[in-house]
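Examination of the molecular architecture
One letter stands for each residue in the lines below.
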Amino acid sequence: MKNWNLKSLATVFLCTALLASCSSPSSKAKTTSDAGVTAEWIPLFNGENLEGWYTYQKQPEPSSEVSGLTRNEDGSYLEPIGLDKDPLKVFTVVREEGVPAIRISGEVFGILVTEDEFENYHLALEFKWGQEKYPPRKNNKRDSGILYHSMGKEGAWGGVWMRSLECQVQEGDCGDYISVDTVLADIHAGFDVESRWFLHSPDSALLTFSPSQSYCHKSSDYENPSGEWNTMEIYAVGGESLHVVNGKVNNHIYNSRQLTEGESVPLTRGKIQLQSEGAEVFYRNIRIREIDQIPAELLMP
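Residues numbered from 1 in each chain as written. Predicted model: local features only at pLDDT ≥ 70, side-chain atom pairs only at ≥ 80, totals over all residues. Heavy atoms only, no water.

1. Description of the pattern of salt bridges
By the definition in use, this model includes 13 salt bridges. For E65, the salt bridge identified is with R71, shortest N-O distance 3.4 Å. Residue R71 is classed as partly exposed on the basis of its relative accessible area, which comes to 28%. Between K141 and D173 there is a salt bridge, with the nearest N and O atoms lying 2.8 Å from each other. Taken together, the positions of K141 in the loop between β8 (121–133) and β9 (143–151) and D173 in the loop between β10 (163–170) and β11 (177–180) put the pair 32 residues apart, joining distant regions of the chain. Through salt bridges with shared partners, a single network forms among E96, E97 and K128. (Salt bridge = Lys/Arg side-chain N within 4 Å of Asp/Glu carboxyl O. Buried < 20%, exposed > 50% of the residue type's maximum accessible area, 1.4 Å probe, protein only. Helix = DSSP H or I, 4+ residues; strand = E, 2+ residues; numbered from the N terminus.)

2. A short note on the nonpolar core
Most often, soluble globular proteins have nonpolar side chains that are buried together. L123, I146, Y177, M232, L274, Y283 and I286 are the most contacted members of the largest nonpolar core, which has 46 residues in total. Only β5 (99–104), β8, β9, β10, β12 (183–192), β16 (230–237), β20 (269–276) and β21 (279–290) provide two or more residues apiece to this core. When near neighbours in sequence (up to four residues on either side) are disregarded, L274 contacts W53, F91, I104, G110, I111, L112, L125, G145, I146, Y283 and I286. One finds F109, L147, W161 and V180 within the second-largest nonpolar core, a separate group that totals 11 residues. (Core = buried A, V, L, I, M, F, W, Y, C linked by side-chain atoms within 4.5 Å. Contact = heavy atoms within 4.5 Å.)

3. Considering the pairing of β5
In terms of burial, β5 is a largely internal element, 6 of the 6 residues being buried. Pairing of strand β4 (residues 91–96) with β5, which is carried by 6 bridges, proceeds in the antiparallel orientation. Its bridge partner lying in β5, T92 is registered against R103. The hairpin formed by β4 and β5 contains 2 residues between the paired strands, and E97 there has a positive phi angle of roughly 55°. Of the strand pairs in this sheet, β5 and β21 are connected by 3 bridges, and their pairing is antiparallel. The residue of β21 that forms the bridge with I102 is Y283. (Pairing = 2+ DSSP bridges.)

Structural data, given as structure tokens:
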């Protein structure tokens with residue numbers, strides 16, 4: 001993993017002590033992550049500020065007021081907010097239920113991005129939905145997302161997201177897979193005629209998901225009721241990854257790759273993005289550890 005030298009590890013140990021002193025009892029509960037893995041957890045959120053992260057935001061909706069951004073005659077903004085500017089406080093650190101958390105308001109589509117890249121890891125975090133919703137998704141499901149193996153420019157897809165694999169965080173859809181920008185991946189999936197969706201199904205054929213068919217729904221819904229905390233985990237080794245929701249695997253991705261200048265090349269490392277996508281959401285206990293294989297028990301039927 002990038003930049004994990006002795007100096008940074010010393011800082012990590014201090015951050016770990018801080019996190020442990022202010023974590024809730026739920027952060028110490030066992031999850032699938034405890035099985036057969038001995039590497040130390042490294043916190044990605046220090047509980048005080050957004051050190052180690054940066055932001056990018058696209059142009060706001062006309063309903064938002066941002067001074068200094070140009071609008072056209074119908075009130076639409078003509079330029080993005082851009083890098084490391086947050087006039088509407090979309091990304092802030094708060095105390096939620098007495099514990100430090102990152103609050104993402106959702107008012108502007110944007111990303112909170114790790115400065116470092118990671119490879120061969122187990123990522124775990126907790127999230128819960130807030131109450132606020134904003135245009136253009138004010139009447140839609142609450143939506144966010146964890147984008148991993150993120151590479152390239154901010155704004156490459158939809159004017160905001162970086163090229164990546166997405167583990168969906170959306171009401172009723174946590175664990176869904178999306179190929180973002182020019183990413184391709186293979187998933188055992190079947191087509192459900194009634195819903196017109198591709199669903200992850202371990203016994204089905206291996207299908208390729210790409211820019212033209214980017215979405216594969218999870219096999220099962222393990223999300224807790226809205227307002228309760230959920231644990232999301234991603235195991236990623238080489239081109240293989242698992243999406244785990246509240247301890248249950250519900251998507252399995254193989255052979256992740258990207259199109260670069262017309263050539264398909266492996267995509268096995270990158271930054272991590274957390275999405276602001278029209279809904280208030282809280283994230284806490286964001287942590288990562290290095291692994292060299294996905295635990296065998298998670299791969300069992």
